[in-house]
Amino acid sequence: MRTPRLNGSRRFVPVLVSSLLATVATLALLAFPSAVVASSFGFLATWGSPGAEIGQFNSPAGIAVDSQGNAYVADSFNDRIEVFDSCRRWSSSLGASGAGPGQFSTPLGTAFGPNGDVYVADANNNRIDVLTASGSYLFSWGEFGSANGQFKLPVAIATAANGDVYVADLDNNRIQAFDASGNFVRGWGRFGSGNGQFSSPFDVEVDSQGRVYVADTGNNRVQVFGASGGFLRKWGSFGSGNGQFRSPRGVAVDAQGNAFVADTSNNRVQAFDSSGTFVAKWGELGSAPGQFRFPVGTAVDPAGDVYVTEGYPNDRVQVFGDPPSTVDDLVESVLAAGLPQGIENSLVAKLKGAQDSLDRGQVKTTANKLGAFVNELEALSGKRLGPTTAAELIAESQAVVQALDCQS
């Protein structure tokens, strides 16, 4: 087992140490007892390896994906945020080691403000740093302590639609909320196992309704609160069964309210519906695609794909979801839409032309022909083609074009 470096007062968070020492159960790769979550969560992609070069990681933790599909990964012991584009290719690195403006000491969490600014839970500097999306330093707040606005290891951060910022304050066993400028708004929690109490809360997430989800790691559960901190519900207990956890460290929520939990010491991800009912699980101990060694952070992108970070020795990000749509899938969607014969024939002809170009290896020509297909859909929308049907076909077309762009 590798021992993470500790510089000066740098502290390696104890929850990870305990999770690394835990005995791991071997689990089935996929199990889906319910159809509540529609995605198949098949393996889609992975990137990263141990190291400090671009695109490599040293204990990646929190991850956030913006509306364009760019992934921001807290590369904790490299003291930086690494950015990858929607094709999962390295784009840039933000930050450097230190305590000055724009520098980090074990950044563990990241999130986006409503205007696209990047918020970073800078754990060993006991503060929140705010950067532009390109990495320019804006401001920060926080210092070591237990008073309002102070921190003892801020390890995760989430933002709400109204701009409020929620921080998991690990060693203070609480959640603190701030406005977008860093002014303290409210806080709740203390050490314990009762409702609204925490034992090493390691992640925080806010859903589209403003509900706050907390990975209550030491209590092996997830707790859900209203925006003001009022307790709503909880689920989970210690164990390896469905809906049980061993040191869960990450939680993410999709647009439908389904929650995805990094069940760290069980080396799996579990999915739950909006009421906290177990839906699915995947993963087992290992380094092959779909396997995990201590999954830590989770995020959901605009398409509903689930991103998972892993610590040493895998030091990587994996992505799970439905396979990208193809031109053939588009043809099937058109044929299944029940369109008037003339419209159906015209749309299918354009798609067959796009497929012919793709078969010849002409990716750009294929994308151009799909663009013409989308233009026809837009022209027909609300006229001879229902707006909902048109919007669904356009979205599927754009996904195909995106997949083609990533191949070029």
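Conventions used here
- Residues numbered from 1 in each chain as written.
- Predicted model: local features only at pLDDT ≥ 70, side-chain atom pairs only at ≥ 80, totals over all residues.
- Heavy atoms only, no water.
- Buried < 20%, exposed > 50% of the residue type's maximum accessible area, 1.4 Å probe, protein only.
- Helix = DSSP H or I, 4+ residues; strand = E, 2+ residues; numbered from the N terminus.
- Pairing = 2+ DSSP bridges.
- Expected span 1.5 Å × (residues − 1).
- Contact = heavy atoms within 4.5 Å.
- Axes fitted to C-alpha atoms, helices over the stretch in contact; angles between N-to-C directions.
- Parallel < 35°, antiparallel > 145°, perpendicular 65-115°, else oblique.
- Nonpolar A, V, L, I, M, F, W, Y, C, P; charged D, E, K, R; others polar.

Trainee: Help me get a handle on the pairing of strand β12 (residues 165-169), residues and values and all.
Mentor: On a regular strand, each side chain points to the face opposite its neighbour's, so the side chains alternate between the two faces of the sheet. Across the five residues that make up β12, a large majority, five, are buried. Across the two faces of β12 the burial is the same, with Val165, Val167 and Asp169 and Tyr166 and Ala168 all buried. Where strand β11 (residues 154-159) lies against β12, five bridges are found, and the strand directions are antiparallel. Counted as the bridge partner of Pro154 is Asp169 from β12. As defined by bridge partners, β12 adjoins strand β13 (residues 174-178) across five bridges and the pair is classed as antiparallel. Counted as the bridge partner of Tyr166 is Ala177 from β13. Linkage of β12 to β13, two consecutive antiparallel strands, is achieved through a turn of four residues, within which Asn173 is found at a positive phi near 50°.

Trainee: Please provide a residue-by-residue account of helix α5 (residues 387-407), values included.
Mentor: For α5, built from 21 residues, the straight-helix expectation of 30 Å at 1.5 Å per residue is met to within 8% by its first-to-last C-alpha distance of 30 Å. What α5 keeps buried is the set Ala390, Leu393, Ile394, Glu396, Ser397, Val400, Ala403 and Leu404. In this fold, the buried residues of α5 make contact with α2 (327-336), α3 (341-359) and α4 (363-380).

Trainee: I'd love a proper account of the sheet that holds strand β5 (residues 80-84), names of residues and values included.
Mentor: Working definition: the strands of a sheet are paired by backbone hydrogen bonds and lie parallel or antiparallel to each other. Judged by pairing direction, the sheet is antiparallel, and its four strands sit side by side in the order β3-β4-β5-β6 without closing on themselves. Each edge of the open sheet carries a strand with a single partner, namely β3 (60-65) and β6 (90-94). Going from strand to strand, the sheet's axes swing by 20° on average, the running direction of each strand aside. The pairing of β3 with strand β4 (residues 71-75) spans four bridges and is antiparallel. The partner of Pro60 across the bridge, within β4, is Asp75.

Trainee: Summarise the packing of α2 against α5; cite the residues concerned and give the values.
Mentor: Where α2 meets α5, the closest approach of the two axes is 10 Å, and the angle between their N-to-C directions is 170°. One way to sum up the angle between α2 and α5 is to call them roughly antiparallel. Contacts between α2 and α5 pair Val327, Asp329, Leu330, Ser333 and Val334 from the former with Leu393, Glu396, Ser397 and Val400 from the latter. Here the residues of the contact of α2 with α5 are counted per class, giving five nonpolar, two polar and two charged.

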